[in-house]
Amino acid sequence: MAEDFLPVKGYDHVEFYVGNAKQAAHFYDKTFGFKPVAKRGLETGSRDRASYVLRQGAVTFVLTSAYGPDTDVARHCALHGDGVRAIALSVGDVESAVRETKARGATVLKEATAEEDEQGTVITAEIKYAGDTVFRFVDRSNYRGPFAPGFIDIDAQGSNPVGFAAIDHIVTNVYLGEMNFWANWYSEVLGFTNLAHFTDKDISTEYSALMSKVMENGTGKCKFPINEPAEGKKRSQITEYLDYYYGSGVQHIAMNTANIYDTVAELRSRDIDFLRVPDTYYDMMRERIKGVDEDWARLQELGILVDQDDDGYLLQIFTHPVQDRPTLFYEVIQRHGSRGFGIGNFKALFVSLEEEQALRGNL
Ligand code: FE2
């Protein structure tokens, strides 16, 4: 096998551009249980944007909003609404990451740049990805602070984690005909490999369909499914996303938990809404899934889904979109051996999704 020219250590963080980072930070803190650890803004000399850094387990989210209209942040929000701007990957050598990906066709938006303060140095760079989304390379191995130079620590009290341990995968929606382009981009520019491929035969309902390819990095730590809509009788959920996001972008972020029952029960108690599948789903699953020792009554009560493959099984559940536009949502996932994405659940889920889409007048 060829040498991995982009050795990725894992996800470093995800940065969102949002309309009101202060309020978004409160939401991620009080409902999803992320602890605010750092911020920047006018008081730290950041004149055009405010950012809040929140963390839970190995998951770091950065929420950024603009102080005025003439910034990339404001323009991003005006067009896309709240959404993911940057997927940041941790690498050992940012300069090499930029050089190697550029040589393979990456559009470099920011060359390797070092920022320094008394706590050390953080090096970052950015390359263009689908739509207005970027991949950011980060090396913070020589930094002792909570996030990066320019940010001050927040010692937040009262944050209450729900058990998110790490990011499992990040899914992008792209336009019809673009999935293969981006799959090739991951493969040629980032050196990732194709882990799975689902066609519209695998993922379709009476009304709509989608196709998906899953790309993963050399160490298997980062997984990026790419969805495109397929022709159906009615509007695909992917098309609905693209119509409201005004472009390609991140559809959902899946986070791992070691105890999905507790995580979901806690999130429900904090008013997070999840997609519901009909109770008949559980009758079907009790028949289909073999040798899985789980509390089926509790799974059903909480609305958690189950899927099984040759390697094992997984438990998963999906939130509703977390902003007014039917765009970004979250998945909570607990893996028991399976490295899949819940293909067996797609049909039941999409029927449920389409019911909600119809309620929005968008099917
Ligand atoms: Fe997923």
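These figures come from a predicted structure and were not determined experimentally.

(A) A look at the sheet that holds strand 10 (residues 164–173). Strand order in this open sheet of 8 strands is 11-12-13-10-14-17-16-15, and the pairing throughout is mixed. The two strands at the open ends of the sheet, each matched to only one other strand, are strand 11 (193–198) and strand 15 (305–309). With strand direction ignored, the average angle separating the axes of adjacent strands in the sheet is 25°. Note that strand 10 and strand 13 (residues 223–230) share 2 bridges and pair parallel.

(B) How the structure looks around the coordination of the iron ion. Taken together, the protein donors to the iron ion comprise His169 (NE2), His252 (NE2) and Glu331 (OE), at separations of 2.0 to 2.2 Å. Each donor residue of the iron ion lies on the same chain, and together they follow the pattern H-x82-H-x78-E. Of the two residues, His169 is situated in strand 10 and His252 in strand 14 (residues 249–257); the sequence distance between them amounts to 83 residues. Neither residue differs from the other here; His169 and His252 are each classed as buried.

(C) How the structure looks around the domain arrangement of the protein. We note that the domain assignment places domain 1 (8–153) and domain 2 (164–360) within the protein. The gap between the C-alpha centroids of domain 1 and domain 2 is 25 Å. Counting residues at the interface gives 43 residues for domain 1 and 40 residues for domain 2. Of the roughly 3100 Å² buried at the junction of domain 1 and domain 2 (both faces included), carbon and sulfur atoms supply 68%. In terms of surface lost to domain 2, no three residues of domain 1 exceed Tyr11, Phe32 and Tyr129, which account for 23% of the buried area on that side. Inspection of the region where domain 1 meets domain 2 yields 0 salt bridges.

(D) Representation of the pairing of strand 15 within the structure. Of the pairings in the sheet, the one linking strand 15 to strand 16 (residues 312–318) comprises 5 bridges and is antiparallel in character. Opposite Asp307, over in strand 16, you have Leu314 as the bridge partner. Hairpin connection, strand 15 to strand 16: the antiparallel pair is bridged by 2 residues.

(E) Local environment of helix 3 (residues 94–103). Residues of helix 3 that are buried: Val94, Ser96, Ala97, Val98 and Thr101. Lining the buried residues of helix 3 we find strand 5 (83–91), strand 6 (108–117), strand 7 (120–128), strand 8 (134–143) and helix 4 (179–189). Where helix 3 begins, the side chain of Asp93 points an oxygen toward the backbone nitrogen of Glu95, at a separation of 3.2 Å.

(F) Looking closely at unusual backbone geometry. Not every positive phi belongs to a glycine, and Tyr246 is a case in point at roughly 55°. Within the secondary structure, Tyr246 sits in the loop between helix 5 (237–245) and strand 14. The class of Tyr246 is exposed, set by a relative accessible area of 53%. For Asp271, which is not glycine, the phi dihedral falls at a positive 70°.

(G) Examining the side chain of Thr257 more closely. Position of Thr257 relative to the elements: it lies in strand 14. Reaching out from Thr257, the side chain makes a polar contact with the backbone nitrogen of Asn259 at a distance of 3.0 Å. In terms of polar contacts, Thr257 uses its side chain to reach the side chain of Thr263, at 2.7 Å. When near neighbours in sequence (up to four residues on either side) are disregarded, Thr257 contacts Gly163, Thr263, Val332, Ile333 and Gln334.

(H) How the structure looks around the nonpolar core. Judged by nonpolar contacts, the single largest core of 98 residues is most densely connected at Phe16, Phe61 and Ile253. The leading source of residues in this core is helix 4, at 6 residues. Ignoring sequence-local partners within four residues, the contact set of Phe61 consists of Val14, Phe16, Tyr28, Phe34, Tyr52, Val53, Leu54, Ile167, Ile253, Met255 and Tyr330. Grouped together as the second largest cluster of nonpolar side chains are 11 residues, Ala38, Val62, Phe147 and Ala148 included.

Cut-offs applied
Residues numbered from 1 in each chain as written. Predicted model: local features only at pLDDT ≥ 70, side-chain atom pairs only at ≥ 80, totals over all residues. Heavy atoms only, no water. Pairing = 2+ DSSP bridges. Helix = DSSP H or I, 4+ residues; strand = E, 2+ residues; numbered from the N terminus. Axes fitted to C-alpha atoms, helices over the stretch in contact; angles between N-to-C directions. Donors = N, O, S within 2.8 Å, 3.2 Å for Na, K, Ca; no water. Buried < 20%, exposed > 50% of the residue type's maximum accessible area, 1.4 Å probe, protein only. Domains from an automatic or database assignment. Contact = heavy atoms within 4.5 Å. Buried area = accessible area lost by both parts, 1.4 Å probe. Salt bridge = Lys/Arg side-chain N within 4 Å of Asp/Glu carboxyl O. Polar contact = N/O pair within 3.5 Å; in protein donor to acceptor, adjacent residues only side chain to side chain. Core = buried A, V, L, I, M, F, W, Y, C linked by side-chain atoms within 4.5 Å.

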